[in-house]
Amino acid sequence: MEHKIRIKTLTPVHIGNGKELQHNLDYLQFEKENAIAVTDFNKLLPLFGNAGIEEWMQLIAENRSLKEALLLKYPALSSGDVASRLITTIGDKPDKRNVVKEQFFSHAEKKATIPGSSLRGAIRSALLAQIMYLEPDFVGEQKHLGFWKGNQFVYKDAQVIAHYFGGDISRRTGEIEPSPNKDILRFLRVGDFYFEAATICIKQNIINLTNYGWGKKDSEVSFIECIPAEVQSVGRIQIPEKTIEMVKNRNYISNEKKLEHIDIAAIFKHCTQQTWSLVKDEIEFWEIEKNISATDEYLSVLEKIETEINTCAANETVLRIGAGSGWDYMTGGWASPIAAIVHQQDWIGIKRQSRKGGYPDDLMFPKTRKLLYKGEPLGFIKLIIEK
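Keep in mind the model is a prediction, meaning the values are calculated, not measured. (Residues numbered from 1 in each chain as written. Predicted model: local features only at pLDDT ≥ 70, side-chain atom pairs only at ≥ 80, totals over all residues. Heavy atoms only, no water.)

Below, the discussion takes up the sheet that holds strand 1 (residues 2-9). An order of 12-17-1-20-18 is seen for the 5 strands of this open sheet, with the pairing classed as antiparallel. The two strands at the open ends of the sheet, each matched to only one other strand, are strand 12 (189-190) and strand 18 (316-320). Pairing geometry for strand 18 and strand 20 (residues 380-386), over 5 bridges, is antiparallel. Looking at the pairing, E316 lines up with I384 of strand 20. Lying over the sheet, helix 4 (residues 116-134) contacts strand 1, strand 12, strand 18 and strand 20, oriented at roughly 100° with respect to strand 18. (Pairing = 2+ DSSP bridges. Helix = DSSP H or I, 4+ residues; strand = E, 2+ residues; numbered from the N terminus. Contact = heavy atoms within 4.5 Å. Axes fitted to C-alpha atoms, helices over the stretch in contact; angles between N-to-C directions.)

Right, here's the structure in full:
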């Protein structure tokens, strides 16, 4: 069955494409227009005339301003004369030292996009956490959380994923391991979501816990292109019910009970519960911490999101997705939800391995937050099933 889904962004969302826009090459700053222009080579080359690429490359080699050189020739130059698209800047603006992490765009649609694979990954993470809460016995045994390598236990999520989502018994180890053909999430088919709205550029700060309390980590500031808050897109989620029924009849999935989770109502219910749990815990943490000067409006934004979650109807859910969403929300961030289920020593081992540093075991995990202008968190979206 195909479901029409409307996505509304509650906060800015960034799904990266792996590219960083370089100042004076990939983008130019137009302060008066409060925007940066992503350069269009087909527009720039005619502006240079016959010299074309040679003059342009000389400017780059001599680290001279491309914009200033063009303004000498064309005093009335505007962003539209050089841009393939404009990105509105919010708050602090990037300068010549800064790159801008580019948002993912569909090549066909040429629109800012939340890929179906990203949304499916966020759903997968929320489902895994909630199913583990319902069936905690498996992750209560250390042998299912990884393997011994010499005298060190290495934590891996392979058996956990295979147990809860489906897998095969390995002939080599005799343990269950993930199998794409047996994974119940193969029946969740999520389309891409394209946004008509223009993107924005925002400075991203890292809030870090040190011996002196919480503060901004100025050495790791970055600028990111985002889909803005309060914009919408419509796409599709498909669950092939006839195929699922055929799989049941042929006993292809050893535990048919797993397939009960591949139901749109069940998925939305699990996602709402998981996001609510994480947001609630974060609010309670900061209310106790009482040291949020570095986060500005972070707590108030979280409270608004909690209200949004609490008022979700059965055909609605809230998820967090994309870059900057943090350990607890990330696809594959499977360990944090089971902190209350596994033995304390295993949770300590998972933290040690994840941090890869000499941190004390009692230090909170994770100990950083990535926040935008005025402390806004990244990545919260609302999904609505439309008839």
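Let us now look at the layout of surface pockets. Roughly 420 Å³ of volume is contained in the second largest pocket. Along the walls of the second largest pocket sit 16 residues, with V38, S84, R85, E102 and F105 positioned nearest its centre. Mapped onto the lining of the second largest pocket, the elements with two or more residues apiece are strand 2 (16-21), strand 4 (35-39), strand 5 (83-90) and strand 6 (100-103). No other element matches strand 2, which puts 3 residues into the lining of the second largest pocket. Looking at the lining of the second largest pocket residue by residue, the classes come out as 5 nonpolar, 6 polar and 5 charged. (1 Å grid on protein atoms, 1.4 Å probe; cavity = no way out; pocket = protein on both sides within 12 Å on 5 of 7 lines; lining within 4 Å. Points joined across faces, edges and corners; volume = space filled by probe spheres on them. Nonpolar A, V, L, I, M, F, W, Y, C, P; charged D, E, K, R; others polar.)

Scanning all chains against the criterion turns up 0 disulfides. Take C271: it sits in no disulfide, and the sulfur closest to it among the cysteines is that of C312, at 11 Å. Using a relative accessible area of 1% as the deciding quantity, one classes C271 as buried. (Disulfide = S-S within 2.5 Å. Buried < 20%, exposed > 50% of the residue type's maximum accessible area, 1.4 Å probe, protein only.)

Next up on the list: the packing of helix 7 (residues 264-289) against helix 8 (residues 298-310). Viewed as axis vectors pointing N to C, helix 7 and helix 8 meet at an angle of 150°, and their least axial separation amounts to 10 Å. The angle between the axes of helix 7 and helix 8 places the two elements in the roughly antiparallel class. In the crossing of helix 7 with helix 8, the sense of the turn from one axis to the other is left-handed. Between helix 7 and helix 8, the contacting residues are T272, T275, W276, V279, K280, E282, I283, W286 and E287 on the first element and Y298, L299, L302, E303, I305, E306, I309 and N310 on the second. Across the contact of helix 7 with helix 8, the residue classes break down as 9 nonpolar, 3 polar and 5 charged. (Parallel < 35°, antiparallel > 145°, perpendicular 65-115°, else oblique. Left-handed = near helix turned anticlockwise from the far one by under 90°.)

By size, the foremost hydrophobic cluster in this structure holds 51 residues, and its most contacted members are I114, L119, L319 and I381. Top element by residues in this core is helix 4. It accounts for 8 residues. In this structure, I114 is in contact with V13, I15, D192, F193, F195, I227, I321 and I381, ignoring residues within four places of it in sequence. By size, the runner-up hydrophobic cluster in this structure holds 19 residues, among which are L10, Y298, L299 and I305. (Core = buried A, V, L, I, M, F, W, Y, C linked by side-chain atoms within 4.5 Å.)

What follows concerns the pattern of salt bridges. Pairing is possible between side chains of opposite charge, provided their charged atoms come close. One pass over the full model with this rule turns up 19 salt bridges. Here K67 makes a salt bridge to E31, at a shortest N to O gap of 3.3 Å. Here K67, found in helix 3 (residues 66-73), pairs with E31, found in the loop between strand 3 (27-30) and strand 4; they are 36 residues apart in sequence, far enough to count as distant. With relative accessibility at 18%, the residue K67 sits in the buried group. Judged by relative accessible area, E31 falls into the partly exposed class, the value being 47%. (Salt bridge = Lys/Arg side-chain N within 4 Å of Asp/Glu carboxyl O.)

The element helix 5 (residues 158-165) is largely enclosed, with a buried count of 6 among its 8 residues. Along helix 5, the positions that sit buried rather than exposed are Q159, V160, I161, A162, Y164 and F165. Tucked into the core, helix 5 has its buried residues touching helix 4, strand 8 (146-149), strand 10 (167-169) and strand 11 (176-178). Following helix 5 by one or two positions, G166 adopts a phi angle in the positive range, close to 110°.

Below, the discussion takes up the side chain of N208. Within the element layout of this structure, N208 appears in strand 14 (residues 200-210). On the basis of relative accessibility, which here comes to 9%, the residue N208 falls in the buried class. Residues in contact with N208, not counting those within four places in the same chain, are G213, W214, G215, K217, K367 and T368.

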